[in-house]
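Analysis of the macromolecular model
Listed below, chain by chain, are the residues.
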Amino acid sequence: MISALMPNYNRADLAFERGEGANLFDSAGRRFLDFGAGIATSSLGHGHPHLVAAIAEQAARVIHVSNLYHIPQAERLAQRFVDASFADSVFFCNSGAEANEGLVKAMRKTMADAGKPERYRVICFDGAFHGRTLAMLAATGNAKYLAGFGPEVDGFDHVPFNNLNALRAAITPETAGILIEPVQGEGGVRPAQLQFLRDLRATCDEFGIFLGMDEVQCGMGRTGKLFAHEWAGITPDILSSAKGIAGGFPMGAVLATEQLAKALVPGSHGTTFGGGPLACAAANAVLDVVLAPGFLEDVEATGRYLWDGLEALVRRYPSVFTDVRGSGLIVGLKCAVPNAEAQSAALAEGLLTVAAGENVLRLVPPLIVRQAECDAALALLDRTARRCLPAVSLAAAK
Ligand SMILES: *Cc1c(COP(=O)(O)O)cnc(C)c1O
């Protein structure tokens, strides 16, 4: 008989009861160090007092009112994003896929309003992940995710990541813009070269098309900047955010320049839940922490500390881990053993991680993680590596 909960996930045999900072406790009271953060989402860790209080206070006042009325929490949040980023205007929604849908709609509508409705196609990259709606499956372009769901939504082209010639060759009179993750998350924690991002900006300007960034996973402070594209010293025309934006409360956002934002006139786009008082109270609380002086610098420093430890781990166990990749606190360990095996070995040691493409083990701890917790994670990864060592090399390692 089918489970009451639809069977679309292979779940670990574990249920968590409560969390504290970078720790989760299961129903048996066992403690796990959370370097998965609910897939890079619990940005302030678990039970963060400022986030908890903001949600509790707002929930007691009013949870939902709809976008038929002014929502002061949303107006304040949007203004803070405008002040802290390239954006002139922000749309709030409920997930990463929904944010990307809004981003693509804004690109297409801006072209149509400019008298170029034939420019509706968006160029995406091999290894991308943009979400699970019908259009975002096509933007993702992964045959495994598309299979069985009928004709692929038209309007998305794919080129190799970090390859400017291929990108330029793919631009046609039908192209509206480009959509790129500055650090591919699901694809295997693959950062775009900073020069490639600069070249994309110049190419978009040259051809009069839009540069879109999917920062659903790598944004909101994870790389040590509020948004990852800032490392390249460029700005996109439009950007999607979600995952960590409200610390685990469901929320997404589209940040845009005036040129693209003004295409979304009343009636052209919408959402029932998006930008509600509760989600915006949560996101404002997250921004209080992330934008506090020194916080992003701490993320960068902690990321570098973790990176150094991981490089030492790779040197100790080259037959298990072969490479470190990523940026800030989105880090990948390229595995020589199957990454699923490394992930379950880490779990058995009490460390939560997330598998990613290209046989990578992904480490995306809460942004509030301390050096001492990185030391603890590194010790657990050492034991993980020993579990994964082939019997022969285990004898040699002694
Ligand atoms: C997770 C993710 C998405 C999809 O977000 P959902 O909230 O699951 O819809 C889109 N883009 C990137 C880069 C992601 O990591």
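Summarised in this report is the structure supplied together with it.

Conventions adopted
Each residue is numbered by its place in its chain's sequence as written, counting from 1. A pLDDT threshold of at least 70 governs which residues receive local features in this predicted model, and a stricter bar of 80 or more applies before side-chain atom pairs are shown or counted, although totals over entire chains, interfaces and linings include all residues. Based on all heavy atoms of the structure, the side-chain values leave hydrogens and waters out of the count. Here a residue is near a molecule or strand as soon as one of its heavy atoms is found within 4 Å of it. What qualifies as a polar contact is a pair of N or O atoms within 3.5 Å, subject to a donor-acceptor requirement within protein and to the restriction that residues adjacent in sequence count only when both atoms come from side chains. Note on areas: Shrake-Rupley, 1.4 Å probe, and residue coverage restricted to the protein chains presented here. Numbering of helices and strands runs from the N terminus, with a helix taken as a DSSP run of H or I at least four residues long and a strand as a DSSP run of E at least two residues long. At least two bridges found by DSSP between two strands are what make those strands a pair. Any two residues whose heavy atoms approach within 4.5 Å at even a single point are treated as in contact. Between N-to-C directions, angles span 0 to 180 degrees; the directions come from axes that are lines fitted to C-alpha atoms, helices contributing only their stretch in contact. Take a side-chain nitrogen of Lys or Arg and a carboxyl oxygen of Asp or Glu: if they are within 4 Å of each other, that pair is a salt bridge. Any residue with an atom within 4 Å of a point lines the site, the site being either a cavity, points on a 1 Å grid over the protein atoms alone where a 1.4 Å probe fits but cannot get out, or a pocket, an open set with protein on both sides within 12 Å along at least 5 of 7 lines. Grid points are joined across faces, edges and corners, and a volume is the space filled by probe spheres set on the points. Under the grouping applied here, Gly and all other residues not named as nonpolar or charged are polar, the nonpolar ones being Ala, Val, Leu, Ile, Met, Phe, Trp, Tyr, Cys and Pro and the charged ones Asp, Glu, Lys and Arg.

Describing the site of the ligand
Close to the ligand lie S95, G96, A97, N100, F129, H130, G131, E181, D214, V216, Q217 and K243, which account for all nearby residues. Backbone polar atom of F129 to a nitrogen atom of the ligand: 3.1 Å apart, as the coordinates give it. Contacts to the ligand include Q217, whose side-chain N or O atom sits 2.7 Å from an oxygen atom. Protein burial of the ligand: of its 380 Å² of free accessible surface, 81% is covered by the chains. Per-element accounting of the shell around the ligand gives the leading share, three residues, to helix α4 (residues 96-113).

Some thoughts on the sheet that holds strand β1 (residues 16-20)
Read from one edge of the open sheet, four strands run β1-β2-β3-β15, paired in mixed fashion. Looking at which strands have only one partner, the edges of the open sheet turn out to be β1 and β15 (351-352). Along the sheet face, helix α13 (residues 371-388) touches β3 (31-34) and β15 and points at about 105 degrees away from the line of β3.

Notes on the pattern of salt bridges
Any two side chains of opposite charge can pair, so long as their charged atoms come close to each other. Overall, the coordinates contain 16 salt bridges when judged by the stated rule. Here R121 and D157 are joined by a salt bridge, their closest N and O atoms 2.9 Å apart. Here the residue R121 occupies a position in strand β5 (residues 121-125), and D157 occupies one in strand β6 (residues 156-159), the gap between them amounting to 36 residues. A salt bridge links R383 to E349; the nearest nitrogen and oxygen atoms lie 2.8 Å apart. Placement of R383 in helix α13 and of E349 in helix α12 (residues 339-349) is noted, with a sequence separation of 34 residues between them. One continuous salt-bridge network, built from bridges that share partners, spans R121, D154 and D157.

Quick notes on the layout of surface pockets
Approximately 1,800 Å³ is the volume found for the largest pocket. Surrounding the largest pocket, 42 residues form its lining, Y9, N10, I39, Q343 and V354 being those nearest its centre. At the level of secondary structure, the elements contributing two or more residues to the lining of the largest pocket comprise α1 (37-40), α6 (143-146), α12, β15 and β16 (354-356). If one sorts the elements of the lining of the largest pocket by residue count, α12 sits on top with four residues. Here the residues of the lining of the largest pocket are counted per class, giving 17 nonpolar, 17 polar and eight charged. If you trace the second largest pocket, you find 25 residues lining it, with N67, S89, V90, F91 and F92 closest to the centre. Those elements that provide at least two residues to the lining of the second largest pocket are α3 (72-84), β4 (89-93) and β12 (252-256).

Details of the sheet that holds strand β14 (residues 330-335)
Strand order in this open sheet of four strands is β13-β14-β17-β16, and the pairing throughout is antiparallel. In this open sheet, the two edge strands, each paired with only one partner strand, are β13 (321-327) and β16. Going from strand to strand, the sheet's axes swing by 30 degrees on average, the running direction of each strand aside. Across four bridges, β14 lies against strand β17 (residues 360-363) in antiparallel orientation.

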